[in-house]
Amino acid sequence: MPELPVIGAGRDLFAAFSERASNVTSSPLFSALCVLLVLGMVAIHLAHLPLPWLIFAGDVTAAVNLLLLALLTNTERRDAHAVQRELDAIAAAILEQREGASHTAADELRRVIRMERKQ
């Protein structure tokens, strides 16, 4: 699999875009725009506009739904990976503590926790 262009602290362009898009879509302004979109759909149907307008309204709504689903799926995947990294680091630190080994796992745990707080 080809590597994606990297920006910042090892994050690819799509991850950065997804992060910004998640912030926008969780805002009250975006919710208001969605309500306006739904009200516009209702108005188009109540006005008995020609079929091409109805199809256009349906296409816009479907496109918005598809984009939101993709963003939701990406956010869920990133969150699951972040939790798994933290759990792996915690397990390694506990194992290290029990065995009295070096403190590399504890350092990794600190790094992972700091990394997750930045995102």
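Please read these numbers as outputs of a predicted model, since none were measured by experiment.

### Quick look at the overall build of the chain
Inference 1: When its secondary structure is counted, the chain shows four helices and two strands.
Inference 2: Starting at the N terminus and walking to the C terminus, you meet the elements of the chain as β-β-α-α-α-α.
Inference 3: Taking all 119 residues of the chain together, 18% fall into the buried category.
Inference 4: Counting only contacts in the chain whose residues sit at least 6 apart along the sequence, the fraction spanning at least 24 positions is 40%.
Inference 5: Carbon and sulfur atoms form 69% of the exposed surface of the chain, whose accessible area is close to 9,200 Å².

### Observations regarding the packing of helix α2 (residues 28-46) against helix α3 (residues 51-99)
Inference 1: Contact geometry for α2 and α3: axes closest at 10 Å, N-to-C directions at 155 degrees. Taken together, the axis directions place α2 and α3 in an arrangement best described as roughly antiparallel. Note that α2 runs across α3; the crossing there is left-handed. Taking contact as the criterion, the partners of Phe30, Leu37, Met41, Ile44 and His45 in α2 are, on α3, Trp53, Leu54, Ala57, Gly58, Val60, Thr61, Val64 and Leu68.

### Brief notes about helix α1 (residues 13-25)
Inference 1: Compared with the 18 Å implied by 1.5 Å per residue over 13 residues, the 18 Å span of α1 between its first and last C-alpha is a close match.
Inference 2: Burial in α1 covers these residues: Ala15, Ala16, Ser18, Ala21 and Ser22.

### Description of unusual backbone geometry
Inference 1: Phi is positive for His48, close to 55 degrees, though the residue is something other than glycine.
Inference 2: Along the chain, His48 turns up in the loop between α2 and α3.

### Description of the environment of Ser22
Inference 1: With respect to the helices, strands and loops of the structure, Ser22 is situated in helix α1.
Inference 2: Here Ser22 falls in the buried class, since its relative accessible area comes to 17%.
Inference 3: Along the sequence, Ser22 and Leu72 sit 50 residues apart, while their C-alpha atoms lie 7.9 Å from each other.

### Focus: the packing of α1 against α3
Inference 1: For the pair α1 and α3, the least separation of the axes is 10 Å and the interaxial angle reads 115 degrees. Relative to α3, the element α1 lies roughly perpendicular. Crossing handedness for the pair α1 and α3: left-handed. Together, Phe14, Ser18, Glu19, Ala21, Ser22 and Thr25 of α1 and Leu68, Leu71, Asn74, Thr75 and Arg78 of α3 make up the contact between the two elements.
Inference 2: Class assignment of the residues belonging to the contact of α1 with α3 gives a composition of four nonpolar, five polar and two charged.

### Considerations on the environment of Phe17
Inference 1: The residue Phe17 is located in helix α1 in this model.
Inference 2: With relative accessibility at 47%, the residue Phe17 sits in the partly exposed group.
Inference 3: Sequence-wise, Phe17 and Leu71 are 54 residues apart; in three dimensions their C-alpha atoms are separated by 9.7 Å.

Quick notes on the rules
- Residues numbered from 1 in each chain as written.
- Predicted model: local features only at pLDDT ≥ 70, side-chain atom pairs only at ≥ 80, totals over all residues.
- Heavy atoms only, no water.
- Helix = DSSP H or I, 4+ residues; strand = E, 2+ residues; numbered from the N terminus.
- Buried < 20%, exposed > 50% of the residue type's maximum accessible area, 1.4 Å probe, protein only.
- Contact = heavy atoms within 4.5 Å.
- Areas by Shrake-Rupley, 256 points an atom, 1.4 Å probe, with all protein chains shown as cover.
- Axes fitted to C-alpha atoms, helices over the stretch in contact; angles between N-to-C directions.
- Parallel < 35°, antiparallel > 145°, perpendicular 65-115°, else oblique.
- Left-handed = near helix turned anticlockwise from the far one by under 90°.
- Expected span 1.5 Å × (residues − 1).
- Nonpolar A, V, L, I, M, F, W, Y, C, P; charged D, E, K, R; others polar.

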